[in-house]
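Breakdown of the fold
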Amino acid sequence: VASKTWNANSGMVWHMGEANGTCANSTKYGTTYDAEPMKTPANSFRYTGTDAPIGFARTTATSAANSYLSVPNYDALEFGNTFTMSGWVRLTGCTAYPRLFSRKKGYTDGNGWEIEMSSGSYTSFGARGSDNPSYIGSFAPPGVKETWMHVAVVYDNTKLTVYGNGVVVKTGDIDAATDNGYPLSIGCDSDGNETIAQGAFDECRLMDGVASAYWVQAEYDTVKNAAFLTYGE
């Protein structure tokens, strides 16, 4: 049902189609919120595999100290503590708790939010709000190593829901996420001082609002479920 799936909430989208350099934000908020390669930008380049979820994707790092993408602080947009972060992730290395998406400079920060993978695991993850305690969950086997996985993290004030491939894998109470003046990082913590996630990202989206389960399932199905779209003459 369309009315249960889509809403008018806007946000930012990075399609990751560029060969290298800046990954453009393609929404009304414009170039102010483009994603810029950081640390070693030359190591941020187009994913060379043929299995990217939609069009091209971006390899952000081939080692734990390569590159990550940084989006400027967006506090002025007043997303607050009700928002949804999602994207396609393909990890090739997973050491020392790499962050997938983060607005924290350290896991003990009393502000911001993030989701990270457990060290050495391609299935176990932790997600945080504004304080250190994290909710631990696991994506369904075979995990995410060298396999594209759709990840969505929904923050609804003090309620957290994490999805893997369109399905809820963890939900519970958490300290509400907070705006903190820090950039949003894709593939590392906010200032690039933690271990970088080795692998590639595609179609990363930040929505100003709480995505419904229908919305998250549709984001996955439009890519992976051939029966989602039917058409005729």
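Above this text sits the structure in question.
Residues numbered from 1 in each chain as written. Predicted model: local features only at pLDDT ≥ 70, side-chain atom pairs only at ≥ 80, totals over all residues. Heavy atoms only, no water.

Here we come to the overall build of the chain. Within the chain, the secondary structure is distributed over two helices and 15 strands. Looking at the chain as a whole, 51% of its 233 residues qualify as buried. Restricting to contacts in the chain with at least 6 residues of sequence separation, those with at least 24 account for 66%. Positive and negative charge centroids in the chain, built from 16 and 24 side chains respectively, lie 4 Å apart. (Helix = DSSP H or I, 4+ residues; strand = E, 2+ residues; numbered from the N terminus. Buried < 20%, exposed > 50% of the residue type's maximum accessible area, 1.4 Å probe, protein only. Contact = heavy atoms within 4.5 Å. Lys, Arg positive; Asp, Glu negative; His and termini not counted. Charge placed at Lys NZ, Arg CZ, Asp CG, Glu CD.)

Let us look at the packing of aromatic side chains. Applying the stated criterion across every chain yields a total of ten aromatic pairs. Ring geometry for Phe 83 versus Trp 113: centroids 4.9 Å apart, planes at 50°, classification tilted. Of this pair, Phe 83 sits in strand β6 (residues 82-93) while Trp 113 is found in the loop between β7 (99-102) and β8 (114-117), placing the two residues 30 residues apart along the sequence. Taking the relative accessible area as the measure of exposure, Trp 113 reaches 1% and is therefore buried. Between the aromatic rings of Trp 113 and Tyr 155, the centroid separation amounts to 5.6 Å while the plane-to-plane angle is 55°, which identifies the pairing as tilted. Of this pair, Trp 113 sits in the loop between β7 and β8 while Tyr 155 sits in strand β11 (residues 149-156), placing them 42 residues apart in sequence. Like Trp 113, the residue Tyr 155 is buried in the burial classification. Each member of the aromatic cluster is reached from another via a ring pair, and the members are Tyr 29, Tyr 33, Tyr 74 and Phe 79. A cation sits over an aromatic face here: Arg 103 above Tyr 74, 4.1 Å from the ring centre. Stacked on the ring of Tyr 182, the Lys or Arg Lys 105 has its end atom at 4.3 Å from the ring centre. (Phe/Tyr/Trp six-rings, centres within 6.5 Å; stacked < 30°, edge-to-face > 60°. Lys NZ or Arg CZ within 6 Å of the ring centre and 35° of its normal.)

What follows is about the pairing of strand β13 (residues 167-173). Here six bridges tie strand β12 (residues 159-164) to β13, and the two strands are oriented antiparallel to one another. Looking across to β13, one finds that Thr 161 is bridged to Thr 171. Between β12 and β13, which pair antiparallel and follow one another directly, the connecting turn spans two residues, one of which, Asn 165, has a positive phi of 50°. (Pairing = 2+ DSSP bridges.)

Our next topic: the environment of Lys 159. Within the element layout of this structure, Lys 159 appears in strand β12. In this structure, the C-alpha to C-alpha distance between Lys 159 and Phe 56, residues 103 residues apart in sequence, is 33 Å. Not counting residues within four places of it along the chain, the set of residues in contact with Lys 159 comprises Val 154, Thr 171 and Gly 172.

This brings us to helix α2 (residues 213-224). Helix length check: α2, at twelve residues, gives a terminal C-alpha distance of 16 Å against a target of 16 Å (1.5 Å per residue), a fit within 8%. Listed as buried for α2 are Trp 215, Val 216, Ala 218, Glu 219, Tyr 220 and Asp 221. (Expected span 1.5 Å × (residues − 1).)

Looking now at unusual backbone geometry. Of note, Tyr 97 is a non-glycine position whose phi angle comes to about 55°, a positive value. Residues other than glycine seldom take positive phi values, yet Glu 203 does so here, at roughly 45°. Note on placement: Glu 203 falls in strand β15 (residues 198-207).

Here we take up the nonpolar core. Among the nonpolar cores identified, the biggest contains 40 residues, and Trp 14, Tyr 74, Leu 91, Phe 101, Trp 113, Ile 115 and Leu 206 are the most heavily contacted of them. The contact partners of Tyr 74, leaving out residues within four places of it in the chain, are Met 12, Tyr 33, Phe 79, Arg 103, Trp 113, Asp 179, Leu 184 and Leu 206. (Core = buried A, V, L, I, M, F, W, Y, C linked by side-chain atoms within 4.5 Å.)

Here the focus is the state of the cysteines. A full pass over the atoms with the stated rule returns zero disulfides. Counting only cysteine sulfurs, Cys 204 is the nearest neighbor of Cys 23, a cysteine outside any disulfide, at a range of 8.5 Å. Among the residues examined, Cys 23 registers a relative accessible area of 0% and is labelled buried. In this structure Cys 94 is a free cysteine whose sulfur lies 13 Å from that of Cys 188, the closest cysteine sulfur available. For Cys 94, a relative accessible area of 3% puts it in the buried group. (Disulfide = S-S within 2.5 Å.)

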